[in-house]
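Report on the structure
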Amino acid sequence: MPDPITLNSDGTLHVPLHPVIGCIPGDGTGPDIWQATRPVLETAVDTAYNGKRAITFQELPAGETSFNETGDWLPKATLDQIRSLRVAIKGPMTTPVGKGMRSLNVAIRQELDLFACIRPARYIPGVPSPCSRPDAIDMVIFRENTEDLYAGIEWQAGSDEAREMIGLIQKNTGKSLAPDTTGIGIKPISRANTQRLVRKAIQYALDTQRKSVTLMHKGNIMKFTEGAFLNWGIEVATAEFADQVILEDRLWKEFNGKAPEGSIVIKDRIADNMFQQVLLRPEDYDVIAAPNLNGDYISDLLAAMVGGLGLAPGANIGTGCAVFEATHGTAPKYAGKDKVNPGSLILSGAMMLDHMGWPEAAGMVRESLQKAIAAGQVTYDLARQIPGSTEISCSEFGRQICRFMTA
C-alpha cells in the first residue's frame, strides 16, 4: 500500500518503499511530456529495485486546466497537498497575461518557501552545442528563490504609490525622478535568506565532492543588496564551515593555488564577469550561488551551452517539501501533438529520485537517456541538429529510454 513521505527529526526525508508523489502535468505541452516521463520514472524504480519499490503519483490541479474548471489558477488545496506529500513534480504552466498572479511558478516557490532553485548544467554527449568545449561544463546553480526582484514589490509609473515613493526617495537622497514616467521597484535581499541558500550550496558541494562554490553578484553597484549577498555568504561560509572552506585569496597566499584534499574554495565573481567565465573557463567552476535574478540568467545561459532548455532539469527545494519541474515553457502551438522533447522533465525526475535517496534509479534514468540520444532516434528539436538522426515522437522517445533500462 502507498505510504506518505515524512520528515525525520533531523529534517531529512523518510521515504517508504511505496511513496505517494504529487504530480502537476501542466499546460500546453505539459501533458505530453508528463505522459512520456511517468513511465520512465516508474520503469527506473521497478528495474533498479527489482519490483520492491514503486511510486504512486497523485495528480494535483493547477494552471490553466484548473482555472478553466474551477476559476482558480493555484488552489490552496494543491499547495496543502504538496506540503503534506513533501515531494511533487510538475510540467510547465501558463502564466496569466494581464490578470491573475504574476507567475504560477513564482507563486508556488514563494507560497511553499522553496528557497533553493537548483539547476544542474552538464553536457550530454551527442547533443548539439554552440560551445567549442561543452564537455567541460559541469556546474550546478543554486538560485535564491524567494526574494530579489521576484518578490514583486513594484509600482506603475504615474500611480499614486509610485509618486509617493519618488517623493520619499527625493526627500531622503536628493535624487530627482520624473514622477509621471518612472516606475518603481524594490529589491529585497536579506541575511537570513541569503545564508540559508549559501549554506545549502556549500553543503551540497561537500556532499558531492565538488571543488568550489562561487558567489555571483553585482555588489560593485548594488552594494547593500548584492554586495550584502556576497558578505553574508562569506560570513556563513567562514562561521559554519571554517575547517572545510578556503577563501580564494587565502588559497593563493597560503596554499599556492592548490586546495587541500576535501576542502571547498569559496570564490566570488561580479555577475557580468561570471557570464564570460562560464564561457571561457568552464572547468574552473563547480557550484554557483546567486541571488534570484542573476541565478535565473546564468542557469538559462548554461542550459543553452549544453544544448538548450529541452534537456535542462530543475528543482525547487525548501525545508519541508520540494517541487521538481521542467524548466521550459508550455509551447502551446505544439500542445497535444506528441512532439516536444521530454528530457527536461525526465532529468528533473532523476533529481527527484536523488532527493528521495534512490540514486540507483536516478542513475538509470540518466544513463538510459544518454543511450537513447546516442542511438540517434530523438525528438524534432534534436533531430534537426544531429546529422543522420531520425525524428521520433515525444512518447516514443520515452519508450526508447524505458527499453534501454530493461534491455
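Structural data are supplied above this passage.
As the structure is a prediction and not an experimental result, all values here were calculated from the model.

Another aspect to go through is the environment of D180. Residue position: D180 is located in the loop between α5 (160-173) and β9 (184-185). If we ignore the near neighbours within four places in the chain, the residues touching D180 are A157, G158 and R163.

Bringing the packing of helix α6 (residues 191-207) against helix α7 (residues 226-240) into the picture now. Contact pair α6 / α7: the axes reach a minimum separation of 9 Å and the direction vectors enclose 55°. Between α6 and α7, the crossing angle belongs to the class labelled oblique. In this structure, α6 crosses over α7, and the sense of that crossing is right-handed. Taking contact as the criterion, the partners of R191, T194, Q195, L197, V198, R199 and I202 in α6 are, on α7, F229, W232, G233, E235, V236, A237 and E240. Among the residues forming the contact of α6 with α7, the class breakdown is seven nonpolar, three polar and four charged.

Before going further, it helps to spend a moment on the sheet that holds strand β7 (residues 138-144). On the basis of which strands lie adjacent, the open sheet formed by eleven strands has the order β4-β3-β5-β15-β14-β6-β7-β13-β10-β12-β11 and mixed pairing. Only two strands of the sheet have a single neighbouring strand rather than two, namely β4 (56-59) and β11 (245-247). The sheet shows a mean angle of 25° between the axes of neighbouring strands, direction not considered. Examined bridge by bridge, strand β5 (residues 87-90) and strand β15 (residues 322-326) share four bridges and lie parallel to one another. Looking at β15, one finds that V87 is bridged to A322. Here helix α9 (residues 271-280) sits on the sheet and contacts β7, β10 (212-217), β12 (264-270) and β13 (287-290); the angle it forms with β12, its principal contact strand, is near 115°. On top of the sheet, helix α10 (residues 292-305) reaches β6 (116-122), β7, β10 and β13; it is set at about 155° to β7, its chief contact.

Another aspect to go through is α5. Taking 1.5 Å of rise per residue, the 14 residues of α5 would be expected to cover 20 Å, and the 20 Å separating its terminal C-alpha atoms lies within 8% of that figure. Backbone geometry just after α5 places G174 at a positive phi near 80°.

This part covers unusual backbone geometry. The backbone phi angle of Q209 is positive, close to 60°, even though this residue is not glycine. Note on placement: Q209 falls in the loop between α6 and β10. The exposure class assigned to Q209 is exposed, which follows from its relative accessible area of 73%. Here A331, not a glycine, exhibits a phi torsion of approximately 45°, which is positive. For A331, the position within the fold is in the loop between β15 and α11 (343-355). Given a relative accessible area of 30%, A331 falls into the partly exposed group.

As a further point, take the pattern of salt bridges. Counted according to the given criterion, the structure contains 25 salt bridges. One salt bridge connects R269 with E248, and the closest N-O pair in it is separated by 2.9 Å. With R269 in strand β12 and E248 in helix α8 (residues 248-255), this pair connects stretches of sequence that are 21 residues apart. We note that R269, like E248, is buried. Overlapping salt bridges, with partners in common, bring together R122, D138, R210 and D286 in one network.

This brings us to the packing of aromatic side chains. A full pass over the atoms with the stated rule returns five aromatic pairs. Measuring from centroid to centroid gives 5.0 Å for W34 and F57, while their planes differ by 85°, and the two rings are edge-to-face. Pair noted here: W34 is in helix α1 (residues 30-48) and F57 is in strand β4, with a separation of 23 residues, a long-range link. Both rings, one in Y49 and one in W358, keep their centres 5.7 Å apart while their planes meet at 65°; by these two values the pair is edge-to-face. Of this pair, Y49 sits in the loop between α1 and β4 while W358 sits in the loop between α11 and α12 (359-374), placing them 309 residues apart in sequence. Judged on exposure class, the residue Y49 and its partner W358 are both buried. The cationic tip of R53 hangs over the ring face of Y49; the distance from NZ or CZ to the ring centre is 4.0 Å.

Let us look at α11. Across its 13 residues, α11 extends 18 Å between first and last C-alpha, which sits within 8% of the 18 Å expected from 1.5 Å per residue. In terms of burial, α11 is a largely internal element, eleven of the 13 residues being buried. Every buried residue of α11 is accounted for by G343, S344, L345, I346, L347, S348, G349, A350, M351, M352 and L353. Of the residues one or two after α11, G357 is the one with positive phi, at around 80°.

A separate point is the state of the cysteines. The final tally for this structure, using the stated rule, is zero disulfides. Not engaged in a disulfide, the cysteine C394 finds its nearest cysteine sulfur in C402; these two sulfurs lie 12 Å apart. By relative accessible area, C394 is classed as buried at 0%.

Let's shift gears to the nonpolar core. Ranked by size, the top nonpolar core spans 95 residues in total, and within it M352 and L353 carry the most contacts. Residues within four places of M352 in sequence aside, it is in contact with I21, L41, I55, F57, V87, I89 and F324. In this structure, L74, I82, L104 and A107 belong to the second largest nonpolar core, which totals 16 residues.

Another aspect to go through is the environment of G314. You can see G314 is positioned in strand β14 (residues 313-317). Measuring from C-alpha to C-alpha, the distance between G314 and Q35 comes to 18 Å, with 279 residues separating the pair along the chain. Ignoring sequence-local partners within four residues, the contact set of G314 consists of I118, R119, F324, E325, T327, S348 and M351.

About the criteria used
- Residues numbered from 1 in each chain as written.
- Predicted model: local features only at pLDDT ≥ 70, side-chain atom pairs only at ≥ 80, totals over all residues.
- Heavy atoms only, no water.
- Helix = DSSP H or I, 4+ residues; strand = E, 2+ residues; numbered from the N terminus.
- Contact = heavy atoms within 4.5 Å.
- Axes fitted to C-alpha atoms, helices over the stretch in contact; angles between N-to-C directions.
- Parallel < 35°, antiparallel > 145°, perpendicular 65-115°, else oblique.
- Left-handed = near helix turned anticlockwise from the far one by under 90°.
- Nonpolar A, V, L, I, M, F, W, Y, C, P; charged D, E, K, R; others polar.
- Pairing = 2+ DSSP bridges.
- Expected span 1.5 Å × (residues − 1).
- Buried < 20%, exposed > 50% of the residue type's maximum accessible area, 1.4 Å probe, protein only.
- Salt bridge = Lys/Arg side-chain N within 4 Å of Asp/Glu carboxyl O.
- Phe/Tyr/Trp six-rings, centres within 6.5 Å; stacked < 30°, edge-to-face > 60°.
- Lys NZ or Arg CZ within 6 Å of the ring centre and 35° of its normal.
- Disulfide = S-S within 2.5 Å.
- Core = buried A, V, L, I, M, F, W, Y, C linked by side-chain atoms within 4.5 Å.

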